[in-house]
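So you can see what is in the structure, the chains are spelled out below.
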Amino acid sequence: MKKLSTKYETVPVVMWSLIIAALPYLFSLVEIPVVWRVGLLFMIINVIISYHVGKVIKKNRLSRLWLLILPLIFCVAVLFKFAEYNLLFGLVYLIFEMFGYMSKQMYR
């Protein structure tokens with residue numbers, strides 16, 4: 001059973017990354033105003049998800065390179081339709097992933 005669980009360790013990271021990439025397009029289909037999309041989705045929901053992904057990477061003992069997957073997928077997804085300033089959120093998500101990765105080692 002251990003072999004099966006090690007085979008799918010990276011699935012949560014990839015799935016959360018794809019969800020973060022799809023959410024801006026879903027919000028624009030529903031015609032949510034830009035201010036709410038940036039404020040609610042990019043600053044609150046995606047930050048919480050990126051912190052969670054950092055904790056998942058730490059819990060599953062994945063390589064630190066997996067921290068780059070979510071910001072890269074988000075930046076590629078946002079590059080085609082949305083404003084260029086949204087690419088900075090990729091850096092914000094990387095920072096919050098690192099906070100999740102170091103969750104209990106912040107003050108040591």
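Residues numbered from 1 in each chain as written. Predicted model: local features only at pLDDT ≥ 70, side-chain atom pairs only at ≥ 80, totals over all residues. Heavy atoms only, no water.

**Quick word on the overall build of the protein chain**
Right, so step 1: Of the regular secondary structure elements, the protein chain holds five helices and zero strands.
Right, so step 2: Across its three principal axes, the protein chain shows a C-alpha extent of roughly 45 × 35 × 20 Å.
Right, so step 3: Within the protein chain, the proportion of its 108 residues that are buried is 34%.
Right, so step 4: Counting only contacts in the protein chain whose residues sit at least 6 apart along the sequence, the fraction spanning at least 24 positions is 72%.
Right, so step 5: Per element, the accessible surface of the protein chain, about 7,300 Å² overall, is 72% carbon and sulfur. (Helix = DSSP H or I, 4+ residues; strand = E, 2+ residues; numbered from the N terminus. Buried < 20%, exposed > 50% of the residue type's maximum accessible area, 1.4 Å probe, protein only. Contact = heavy atoms within 4.5 Å. Areas by Shrake-Rupley, 256 points an atom, 1.4 Å probe, with all protein chains shown as cover.)

**Describing the packing of helix 2 (residues 11-29) against helix 3 (residues 34-59)**
Right, so step 1: Taken N-terminus to C-terminus, the directions of helix 2 and helix 3 make an angle of 175°; their axes are 10 Å apart at the nearest point. By the angle between their axes, helix 2 is roughly antiparallel relative to helix 3. Taken together, the residues of helix 3 that come into contact with helix 2 (itself represented by P12, V13, W16, I20, L23, P24, F27 and S28) are R37, L40, L41, F42, I45, N46, I49, S50, H52, V53, V56 and I57.
Right, so step 2: Taken together, the residues of the contact of helix 2 with helix 3 sort by class into 15 nonpolar, four polar and one charged. (Axes fitted to C-alpha atoms, helices over the stretch in contact; angles between N-to-C directions. Parallel < 35°, antiparallel > 145°, perpendicular 65-115°, else oblique. Nonpolar A, V, L, I, M, F, W, Y, C, P; charged D, E, K, R; others polar.)

**Here we look at the packing of aromatic side chains**
Right, so step 1: Inspection of the entire model under this criterion finds six aromatic pairs.
Right, so step 2: A ring pair is formed by F89 and Y93, whose centres lie 6.2 Å apart and whose planes are at 25°; its orientation type is stacked. Linking F89 with Y93, this pair stays in helix 5 (residues 88-101), spanning four residues, or about one helical turn.
Right, so step 3: What makes F89 buried here is its relative accessible area of 10%.
Right, so step 4: Judged by relative accessible area, which is 0%, Y93 ranks as buried.
Right, so step 5: Ring centres of F96 and F99 lie 5.7 Å apart, and the angle between their planes is 90°; this geometry places the pair in the edge-to-face category. Of this pair, F96 and F99 both sit in helix 5, three residues apart, roughly one helical turn.
Right, so step 6: Under the relative-accessibility criterion, F96 is labelled partly exposed at 29%. (Phe/Tyr/Trp six-rings, centres within 6.5 Å; stacked < 30°, edge-to-face > 60°.)

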